[in-house]
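Architecture at a glance
These are the residues of each chain, in order.
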Amino acid sequence: VATGMGPVYDGVLHFALSPEDFLLVIALALFAGLRGPGHARALFWVLPPAWFAGGVLAMMNLAPAGIALSLTTAVLFLAVGGLLAANARLPMAACSAIGVVLGLSRGMADLAGVEPNSAHLLMLGGICAAIFLMSALAASVTLPLQRLWMIVTARVCGSWIAAMGLLLAGWIVRYGAVV
């Protein structure tokens, strides 16, 4: 994605135009917000650095094959959407671990096959800034929820995201890696 405004804005726009990225971030942030402020804060501090590390690993050609990244994305859609839909009680460490796996895998997928240079690092920085902002905003929506119908609405979003993961897994089985 080239905006003409520089690599940082290119990274922000890349994140905004990649549903496989922003839907997972929003779902995990909604889940962390339902779990409480501690979970949400922990997610803010592990997800962007893990995404950055995944992008750097991809630029160093240390990313797995495309099919592995596609399957990981499908599993993450199923897992994160399922956790949100079930409103599962997870310890903070488990929520953070899911954030690390999400960050590493999607960071690798975003920059797989790209040569390392300063423009790509700046783009990755823009992606990580957008992730921090989006996860903070999404978690802040669910933190104050007290009414049952509002919580159920967030959980229904999780069920739709899990359904997208099931659809993506079926697509991968039928047609191969999603590039």
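I will try to describe carefully the structure that is included in this document. (Residues numbered from 1 in each chain as written. Predicted model: local features only at pLDDT ≥ 70, side-chain atom pairs only at ≥ 80, totals over all residues. Heavy atoms only, no water.)

1. A look at the overall build of the protein
Each helix and strand in the protein was counted, giving seven helices and zero strands. The N-to-C order of helical and strand elements in the protein reads α-α-α-α-α-α-α. Computed over C-alpha atoms, the radius of gyration of the protein comes to 16 Å, within 12% of the 16 Å expected from 2.2 N^0.38 for 179 residues, which places it in the range of a compact globule. Seen along its three principal axes, the alpha-carbon backbone of the protein occupies a region of about 50 × 35 × 30 Å. Here the protein holds 179 residues, and 42% of them are scored as buried. (Helix = DSSP H or I, 4+ residues; strand = E, 2+ residues; numbered from the N terminus. Rg over C-alpha atoms; globule rule 2.2 N^0.38 Å. Buried < 20%, exposed > 50% of the residue type's maximum accessible area, 1.4 Å probe, protein only.)

2. Let's talk about unusual backbone geometry
The backbone of Asn 61 shows a phi angle near 60 degrees, a positive value even though the residue is not glycine. Looking at where Asn 61 falls in the secondary structure, it is placed in the loop between helix H3 (37–59) and helix H4 (66–86). With a phi angle near 50 degrees, Asn 87 is a residue other than glycine that sits in the positive phi range. Looking at the element boundaries, Asn 87 is found in the loop between H4 and helix H5 (92–110).

3. Quick look at the packing of H4 against helix H7 (residues 148–175)
The interhelical angle for the contact between H4 and H7, taken along N-to-C directions, is 155 degrees, at an axis separation of 7 Å. Overall, the two elements H4 and H7 adopt an arrangement that is roughly antiparallel. Once H4 is placed against H7, the crossing between them reads as left-handed. A class-by-class count of the residues in the contact of H4 with H7 yields 17 nonpolar, seven polar and one charged. (Axes fitted to C-alpha atoms, helices over the stretch in contact; angles between N-to-C directions. Parallel < 35°, antiparallel > 145°, perpendicular 65-115°, else oblique. Left-handed = near helix turned anticlockwise from the far one by under 90°. Nonpolar A, V, L, I, M, F, W, Y, C, P; charged D, E, K, R; others polar.)

4. Side note on the pattern of salt bridges
This model, assessed by the stated rule, comprises three salt bridges. Taking the shortest distance from any N to any O, the salt bridge between Asp 21 and Arg 106 comes out at 2.8 Å. Of this pair, Asp 21 sits in helix H2 (residues 19–35) while Arg 106 sits in helix H5, and the two are 85 residues apart along the sequence. According to the relative accessible area criterion, Arg 106 is buried, its value standing at 6%. Each of the salt bridges in this network shares a partner with another, and the network as a whole consists of Glu 20, Asp 21, Arg 106 and Asp 110. (Salt bridge = Lys/Arg side-chain N within 4 Å of Asp/Glu carboxyl O.)

5. A look at the environment of Arg 106
Considered as a pair, Arg 106 and Val 56 are 50 residues apart in the sequence and their alpha carbons are 12 Å apart. Beyond its immediate chain neighbours, meaning those up to four positions away, Arg 106 contacts Glu 20, Asp 21, Leu 24, Trp 51 and Thr 73. Of note is the side chain of Arg 106, whose polar atom sits 2.8 Å from the side chain of Thr 73. (Contact = heavy atoms within 4.5 Å. Polar contact = N/O pair within 3.5 Å; in protein donor to acceptor, adjacent residues only side chain to side chain.)

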